[in-house]
Amino acid sequence: MTMTPEQAAWFQGTFARLVDNVDQALMGKREVVGLVLSAMLAEGHVLLEDAPGTGKTSLAKALAATVQGTSSRIQFTPDLLPSDVTGVTIYDQASHKFEFHRGPVFASIVLADEINRASPKTQSALLEVMEESRVTVDGVAHEVGRPFLVIATQNPIEQAGTYKLPEAQLDRFLVKTSIGYPDLAVAERILAGAADRNPSAHLPAIITTGAVADMADLASTVHVDPAVLRYTAQLAEATRTDTATRVGVSVRGSLAMIRVAKVYAAAQGRHFVLPDDVKGLVGPVWTHRIVLDPEAEFAGTSAETVIARVLESVAAPQARSAA
């Protein structure tokens, strides 16, 4: 069943209300908020590469408040254990049974702060829950529920004592972006409200977590023309054959593009995906998946350069709506 124009109009209105609500806590960053919301509704996860103090925790709390969900923050450190993230089974002497005590990953919105400071073993504890939305401890699977969004952060400046995320783990993130610093006018508004240390606490809930899951299911019914699918596949292949790349966009990356493009189209009030939707999302969805050839990187080539070259070399199909 394909999304109808009426359903697309409802989706657009609801999406805009969600962005407006979060924007009250994270002022002046509507584009980033929309991108993170799109990732959540596409049931993916976000990697934020940002300096400290740009509002990452505020974003997570505001999102959770907006959808009547829960939020948790995990500060990743070198001595953090996998069980500190997922939870642990403990023997209860009163009941004579082993009971599972849930870790902070069991929340609607999970902020994994400075994920590259933890050991690879602890980083990998997030892999199953990010991909399967469940945690397996002692052979027992525990569902985390819907919606479930991991917002992982890493500091692009300070690299001492960090563990670089491997390509396989980077590929698990649907979107990579940054919040950045506010402009002068927005900064003045933020300073004027300095007395309120937790603006997210006053945000009204717009929809329930159940409604978010329904929106995600509805977004998956957006129509994608075969020509757009072919265009996406051609773009991905072009990243793999580019002379500057060692590893291009994987099949998982192509699937991620289609999933988030459906949400993006619905957020614009359309029940079909346009080639321009794919073009507009290539940067945040694909840039972090490209591994450059060392010589090309030394010569000054970046993943953004490769993306720009690919978009120029692959002709976009004629835009068509759903039949």
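Position numbers for residues start from 1 in each chain and track the written sequence from start to end. Per-residue local features of the predicted model are confined to residues with pLDDT of at least 70, and side-chain atom pairs are confined, for both listing and counting, to 80 or more; whole-chain, interface and lining totals are unaffected and use all residues. Side-chain numbers come from the whole structure's heavy atoms, not from hydrogens or water.

### Some details on the packing of helix 1 (residues 5-23) against helix 8 (residues 209-219)
Stated precisely, the cut-off is as follows: Angles here are taken between N-to-C directions and fall from 0 to 180 degrees, while the axes themselves are lines fitted to C-alpha atoms, restricted in helices to the stretch in contact. A run of H or I in DSSP counts as a helix once it spans at least four residues, and a run of E counts as a strand once it spans at least two, with each numbered from the N terminus. Here the word oblique covers every angle except those under 35 degrees (roughly parallel), over 145 (roughly antiparallel) and from 65 to 115 (roughly perpendicular). By convention the crossing between two helices is left-handed if the near helix lies anticlockwise of the far one by an angle smaller than a right angle, and right-handed if it lies clockwise. For this analysis, residues touch if any pair of their heavy atoms sits within 4.5 Å. All residues other than Ala, Val, Leu, Ile, Met, Phe, Trp, Tyr, Cys, Pro, Asp, Glu, Lys and Arg, Gly among them, are scored as polar; the first ten of these are nonpolar and the last four charged.
Contact pair helix 1 / helix 8: the axes reach a minimum separation of 11 Å and the direction vectors enclose 135°. Relative to helix 8, the element helix 1 lies oblique. Handedness of the crossing formed by helix 1 with helix 8: left-handed. Between helix 1, through Q7, W10, F11, T14, F15 and L18, and helix 8, the contact on the second element is made entirely by M215, L218 and A219. Tallied by class, residues from the contact of helix 1 with helix 8 come to 7 nonpolar, 2 polar and no charged.

### Some words on the side chain of D225
This is how it is decided: Note on classification: 1.4 Å probe, protein chains only; a residue is buried when its accessible area is under 20% of the maximum for its type, exposed when over 50%, partly exposed between these limits.
Mapped onto the elements, D225 comes out in the loop between helix 8 and helix 9 (226-241). Assessed through its relative accessible area of 10%, D225 is described here as buried.

### A few points about the environment of P147
Looking at where P147 falls in the secondary structure, it is placed in the loop between strand 7 (140-143) and strand 8 (149-154). Taking C-alpha positions, P147 is 7.9 Å from I109, a pair spaced 38 residues apart along the chain. Ignoring sequence-local partners within four residues, the contact set of P147 consists of M40, S108, T209 and V212.

### Thoughts on the packing of aromatic side chains
How we decide: Between the rings of Phe, Tyr and Trp (Trp by its six-membered ring), a pair exists once the centres lie within 6.5 Å; its type follows the angle of the planes, with under 30 degrees stacked, over 60 edge-to-face, and the other angles tilted. Counted as over-ring charges are cases with an Arg CZ or a Lys NZ within 6 Å of the ring centre that also lie within 35 degrees of the ring normal.
The tally for this structure, following the rule as stated, stands at 3 aromatic pairs. With a centroid separation of 5.8 Å and an interplanar angle of 70°, the aromatic rings of F100 and F106 are classed as edge-to-face. Directly above the aromatic system of F272 lies the positively charged group of R270, at a separation of 5.9 Å from the ring centroid.

### Structural notes on the environment of S95
With respect to the helices, strands and loops of the structure, S95 is situated in the loop between strand 3 (87-92) and strand 4 (97-102). Counting along the chain gives 197 residues from S95 to L292, while the straight-line C-alpha distance between them is 56 Å.

### So, the packing of helix 9 against helix 10 (residues 251-267)
In the contact formed by helix 9 and helix 10, the axes pass within 10 Å of each other and the chain directions differ by 140°. In terms of orientation, helix 9 lies oblique with respect to helix 10. The handedness of the crossing between helix 9 and helix 10 is right-handed. Across the interface between the two elements, L229, T232 and A236 from helix 9 touch S254, M257 and I258 from helix 10.

### Some details on the nonpolar core
We apply this condition: Buried Ala, Val, Leu, Ile, Met, Phe, Trp, Tyr and Cys residues that are joined via side-chain atoms within 4.5 Å together make up what is termed a nonpolar core.
In this structure, F11, L59, L63, I151 and W286 are the most contacted members of the largest nonpolar core, which totals 71 residues. In terms of residue count, helix 10 provides more of this core than any other element does, 9 residues in total. Excluding anything up to four places from it in sequence, F11 contacts M3, L41, M215, L218, A219, V263, A266 and A267.

### Description of the pairing of strand 6 (residues 134-137)
Moving residue by residue along a regular strand, the side chains alternate between the two faces of the sheet. We count it as follows: Paired strands, as defined in this entry, are two strands with at least two bridges between them according to DSSP.
Because side chains alternate across strand 6, one face comprises the buried residues V135 and V137, and the other comprises R134 and T136, none of which is buried. Where strand 6 meets strand 7, 4 bridges bridge the pair, whose relative direction is antiparallel. Residue pairing for strand 7: V135 is matched across the bridge by H142.

### Thoughts on the UniProt feature "domain: ChlI/MoxR AAA lid" (unreviewed entry) in the protein chain
Applicable threshold: UniProt positions are given in the numbering used here, feature names are shortened, and annotations may be inferred rather than shown by experiment.
The UniProt feature table records "domain: ChlI/MoxR AAA lid" (unreviewed entry) at residues 238-308. Spanning residues 238-308, this segment combines 62% helix with 7% strand, and its end C-alpha atoms are found 11 Å apart.

### A short note on the side chain of Q169
Here Q169 is to be found in helix 6 (residues 167-170). Setting aside residues up to four positions removed in sequence, Q169 forms contacts with I115, Q123, S124 and L127.

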